[in-house]
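As a plain string of letters, each chain reads:
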Amino acid sequence: MKAGLLAVFLFSVAIGMAWAGPAAEEGPAAAPVAAPDDIWARYDPPVTVTSVFSLSAFIEDALNQKPDVMEDNVWTRGYRDDLGIEIDLLWTVPSAQYDEKLSIAIAANDLPDVIPTNAIQFKLLVDSGVAMDITNLFEAYASPLTRQMQELDNQVSISQATVDGKLYALPLIYGNVDNSQLLWIRADWLEALDMEAPTTIDELVQLAEAFVNDDPDGNGEDDTLGLGLVKDLFSTGFADLNGFFEAFGAYPGGWLEDSSGNLMYGDIQPEMKTALTKVAEMFEAGLIDQEFVVKDGGKVAEGTTNGNIGTVFGQHWIPFWPLQDGKNRNTNADWRPFPLPSATGSPTKTMLGGSANRYYVLNSEMQNPEAAVKLLNYFIQKYSSLYSPDYELKYIGSTGTGETNIDEYWEYGVIQSWQPNENIVFWDLTKKYLDTGDEQYAENSLIKQFSVDIGAYHEGEDVYWSTYAWIGPQGPYSVIDGYFKNGQTIQNAYVKANTPSMTERGPALSQLRAEMFTKIITGAESPDTFDEYVATWKRLGGDDITAEVNAVQ
Amino acid sequence: MEAQQGSRLFDTLNLAFLVFAAALCLFPIINVLSVSLSSSSAAAAGQVGIWPVEFSLSSYSYALTKKSFLTAFVVSLKRVALGIGVNMLLTILAAYPLSKTKRELWGRNLYAWFFFFTMIFNGGLIPWYMVIKQVGLIDNILALILPTAVQVFFVLVLMNFFRQLPKEISESALIDGAGHWSIMWKIHVPLSLPSIATLVLFSFVFHWNSWFDGLILMTSPARYPLQTYMQAILEVVDPLRLKGMTAEQIAELMKVSNRTLKSSQIFIAAAPVLAVYPFLQKYFMKGLLLGSVKG
């Protein structure tokens, strides 16, 4: 009886394991791919490519108006008529739930031909042998424009999609220009106190003191803070400390080259200690929320909305959330982006990280894998309004023309890739168009749309403030453009997929950093504990990670 | 006298503790209700506590005209109606025979263990998914109902309730010529209404609140039940996806980050559960069995 039960148990375990996912094995060796006569050749008869799709808020709304919009839109029609490719979406899911749903599909090995993944899932598919080696395929089928996009991107995203010298995915380039850190300040508070935007960290501290003590909002109450800060400390893009640390030449989470060309981890450099000491001083002086250790982004956002916080470090997008809420609440709230101050005497360099937003992995069982490269070429050809002679407005979206066709929009593209520096160019064109009114700058429909929105803001419609603050003449791209012109950027030297030790030890080490840094900032430990932290970090796997990163490089 | 004082002190402290505990549970609900009834800018500024600030019903009128929300609501209603029916039918059909002794039902213990085994062991998420996929239930509302059709916990509860019904009742019914079928439907079920009502409530809450199976087993948001839909809107938006946004998208994003709208949808989604509790309350009365057996 017992033996029988055991057998049943073992049997079910075995079945569970058999179903638990694809066994790790080497992918098939890549065969050389002959260069095709015509990379744009249409399939006849048409072929079908299966994929899955993450639905944005826009598309979810469109589905309410046209339930079959995913099967019938400007892109699927183009794929069918121009390329002879039919798209079959196995499932669609709201973007917030995409990663979770895909993880289940990966575990069950229930995957389509083209699998859009994040960095972790990409590595998983490479390790398990699902991802096809497309090095030669990409070489043979990539269009001239596709290659040009890779060059504009400095090959960063291609390098992210490459493991052991083999390309395993078509990366979605979003451009790491948008990683840039900025200092956002309430300009109306500066004006009220007759102060200038800080250029050094000491001036930033003085500004914070003034914001705390001198009642910048003029309501007679002692209710303002010097600097908004979230409990996660780094890499939230809003109210984090990345920009502050960069002022000291410290790059949390980044990899830097030392003088002999070896890579070293930003978290353990001596500059980190100097920066941490300064933050701890600011905390002790009451310039930072004394309860920041329990405040997430949403809680800090309440502070920027109700007018308690007038200074945060953040990225280009924060006008949309949460600063717009503050503008709705108080029409005088005038948040402006400024270049990062410096603590070292030399101009601060902001760190540019990875450039791939999604990885389109091709299933090694896919028939006609070149169809995927064709889909990518096609997207770039029709979408890249700045570089492609073939770009068509209807593929991007006919906004700004007064009539909107719900099924004509760039988000329906099954394989996408954006123009690496497009936001800077959009900013530049919008500025020129607003200055001169010359129609040649507004050939791209988005420029016209931005100008209309900015005009509406100037007419007093505060809901359009975020567009103005994001792409307007004095917006973040005026600052970021300056970073590039003055050489104030530094490329993160390691942006590839996680190494084995990173996967294994990374979470524990991040936890260690979060605990140690929070203790140092709140004064529970002296800044000298940092040296102890460095030793612990190395011992707990940091040295292994450094060795592996240098080996990959 | 002293003892009385002691017990009065205990009562007071006990009462204070219970009121405090109840307030702890109630406050978040009241806060969500107040946020949903406030203006969105007051909610974003974190100024709403127990009372609504700048009273507004606009979030409700928006939520109630949002097609995807209503579709999901209907899916959930269907799921609950079907789910409770299947759950209760199978629970009763399984609990009645299992409530008999070993002598009355041959192999009764084997059956009981067969059910009980599934409470402790299960195949895990992926095998579960594969089975449902292989039997072709993906995208079918039955996929949300059949995998949990027999809730063993319900069976155990009802079985124990059936067991403590006085044997004399079913014996006298047997003598009067009733079969097991009539005894089950005409005696056991009516006498067990309090316990069945409780199980209906459990089943209702279970089906109403499940979201994960909807996410995994449905291939399109149009077939999502309400809580799967809610989970998507309550997740944080990825800021990296804000590139090249158009005015419509910005407007849409603002709706997504809009706390009053989220709160109103939370509240509408919770309303049926809140409404059903008092309705089922009357079945929880004791003493249904008083006087059924004399002597």
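Residues numbered from 1 in each chain as written. Chains lettered and ligands numbered in written order. Predicted model: local features only at pLDDT ≥ 70, side-chain atom pairs only at ≥ 80, totals over all residues.

Student: When you look at the overall build of chain A in this model, what are you seeing that I'm missing?
Tutor: On a plain count of helices and strands, chain A comes out with 22 helices and 14 strands. The globule rule puts the C-alpha radius of gyration for 553 residues at 24 Å, and the 26 Å found for chain A is close to it. Projecting the C-alpha coordinates of chain A onto the three principal axes gives extents of approximately 75 × 70 × 55 Å. A burial count over chain A gives 48% of its 553 residues as buried. Residue pairs at least 24 apart in sequence account for 75% of intrachain contacts in chain A once pairs closer than 6 positions are excluded. (Helix = DSSP H or I, 4+ residues; strand = E, 2+ residues; numbered from the N terminus. Rg over C-alpha atoms; globule rule 2.2 N^0.38 Å. Buried ≥ 20, exposed ≤ 12 C-beta atoms within 10 Å, placed from the backbone. Contact = placed C-beta atoms within 7 Å.)

Student: How should I be thinking about the nonpolar core in this particular structure?
Tutor: The tendency in soluble globular proteins is for nonpolar side chains to be buried as a group. Residue and element names in this part refer to chain A. Within the largest apolar cluster, 85 residues are counted, with the highest numbers of intra-cluster contacts made by A208, L227, F245, A275, L276 and V279. Other than its neighbours up to four places away in sequence, L276 contacts F517, I520, I521, P527 and F530. In terms of nonpolar packing, the next biggest core, distinct from the first, is built from 68 residues, A62, L83, I158 and A372 among them. (Core = buried A, V, L, I, M, F, W, Y, C linked by C-beta atoms within 7 Å.)

Student: What is the right way to read the sheet that holds strand β11 (residues 335–338) of chain A from this model?
Tutor: Pairing between sheet strands relies on hydrogen bonds along the backbone, with the strands arranged either parallel or antiparallel. Residues and elements named next belong to chain A. One open sheet accounts for 3 strands, arranged β10-β7-β11; its pairing is antiparallel. Two strands close off the open sheet at either side, each with one partner strand: β10 (311–314) and β11. Each strand axis lies, on average, 30° off the axis of its neighbour in the sheet, ignoring direction. Here strand β7 (residues 182–186) runs beside β10; their pairing, made up of 4 bridges, is antiparallel. From the neighbouring strand, L182 faces β10, where its bridge partner is G314. (Pairing = 2+ DSSP bridges. Axes fitted to C-alpha atoms, helices over the stretch in contact; angles between N-to-C directions.)

Student: Just to check I follow, could you spell out the confidence of the model for chain B for this structure?
Tutor: The predicted structure's coordinates, where accompanied by low pLDDT, should not be read in detail. All names here are of chain B. With 87% of its residues at a pLDDT of at least 70, chain B reaches an overall mean of 85. Within chain B, no element has a lower average pLDDT than helix α13 (residues 247–256), which sits at 50, and none a higher one than helix α4 (residues 67–98), at 95. Segment residues 238–250 is flagged for pLDDT under 50; beyond a separation of four residues in sequence, or across chains, it makes 29 contacts in the model. Reported for the predicted complex are a pTM of 0.85 and an ipTM of 0.81. (pLDDT = per-residue confidence, 0-100.)

Student: Would you take a moment to explain the confidence of the model for chain A for this structure?
Tutor: Mean pLDDT for chain A: 89, with 93% of residues reaching 70 or above. Segment residues 1–28 of chain A: pLDDT under 50, and 28 contacts once partners within four positions in sequence are set aside and those in other chains are kept.

Student: Is there a simple way to think about unusual backbone geometry in this case?
Tutor: Trans peptide bonds make up most of the peptide bonds, and negative phi angles are found at most residues other than glycine. Residue and element names in this part refer to chain A. Residue P45 is bonded to the preceding D44 through a cis peptide linkage, with omega at 5°. Take P45: it is sitting in the loop between α1 (2–19) and β1 (47–55). Notably, D215 is not glycine yet its phi reads approximately 50°, a positive angle. Tracing the sequence through the fold places D215 in the loop between α10 (201–213) and α11 (242–246).

Student: Which parts of the structure should I look at to understand the domain arrangement of chain B?
Tutor: All names here are of chain B. Here chain B is described as being made up of domain 1 (17–56) and domain 2 (67–284). A C-alpha centroid distance of 30 Å is found between domain 1 and domain 2. Listed as interface residues are 8 residues of domain 1 and, on the opposing side, 7 residues of domain 2. Breaking the side of domain 1 that touches domain 2 down by element, the ones donating at least two residues are α1 (2–36) and α2 (40–44). Element by element, the count of residues in the side of domain 1 that touches domain 2 is highest for α1, at 4 residues. When the residues that make up the side of domain 1 that touches domain 2 are grouped by side-chain class, the tally is 5 nonpolar, 3 polar and no charged. (Domains from an automatic or database assignment. Nonpolar A, V, L, I, M, F, W, Y, C, P; charged D, E, K, R; others polar.)

Student: Would you mind going over the packing of helix α7 (residues 152–163) of chain B against helix α10 (residues 193–209) of chain B with me for this structure?
Tutor: The geometry of a pair of packed helices is captured by two quantities: the angle between their axes and the separation between those axes. Residue and element names in this part refer to chain B. At a minimum axis distance of 10 Å, the contact between α7 and α10 shows a crossing angle of 175°. Taken together, the axes of α7 and α10 lie roughly antiparallel to each other. Across from F154, V157, L158 and F161 in α7, the residues of α10 making contact are S195, L199 and F202. Among the residues making up the contact of α7 with α10, the classes are represented as 6 nonpolar, 1 polar and no charged. (Parallel < 35°, antiparallel > 145°, perpendicular 65-115°, else oblique.)

Student: How should the packing of helix α17 (residues 422–436) of chain A against helix α20 (residues 476–485) of chain A be read in this particular structure?
Tutor: Residue and element names in this part refer to chain A. Relative to each other, α17 and α20 sit at 115°, their axes nearing to 10 Å. Handedness of the α17/α20 crossing: left-handed. Across the interface between the two elements, N423, I424 and W427 from α17 touch Y477, I480 and D481 from α20. For the contact of α17 with α20, the class distribution of residues is 4 nonpolar, 1 polar and 1 charged. (Left-handed = near helix turned anticlockwise from the far one by under 90°.)

Student: Just to check I follow, could you spell out the domain arrangement of chain A for this structure?
Tutor: Residue and element names in this part refer to chain A. According to the domain assignment, chain A consists of domain 1 (30–175 + 355–412) and domain 2 (179–352 + 491–552). Relative placement of domain 1 and domain 2: their C-alpha centres are 35 Å apart. Taken together, the contact pairs 7 residues of domain 1 with 4 residues of domain 2. Looking at the side of domain 1 that touches domain 2, the elements with two or more residues in it are α5 (119–127) and α8 (156–160). Residue classes in the side of domain 1 that touches domain 2 are distributed as 4 nonpolar, 2 polar and 1 charged.

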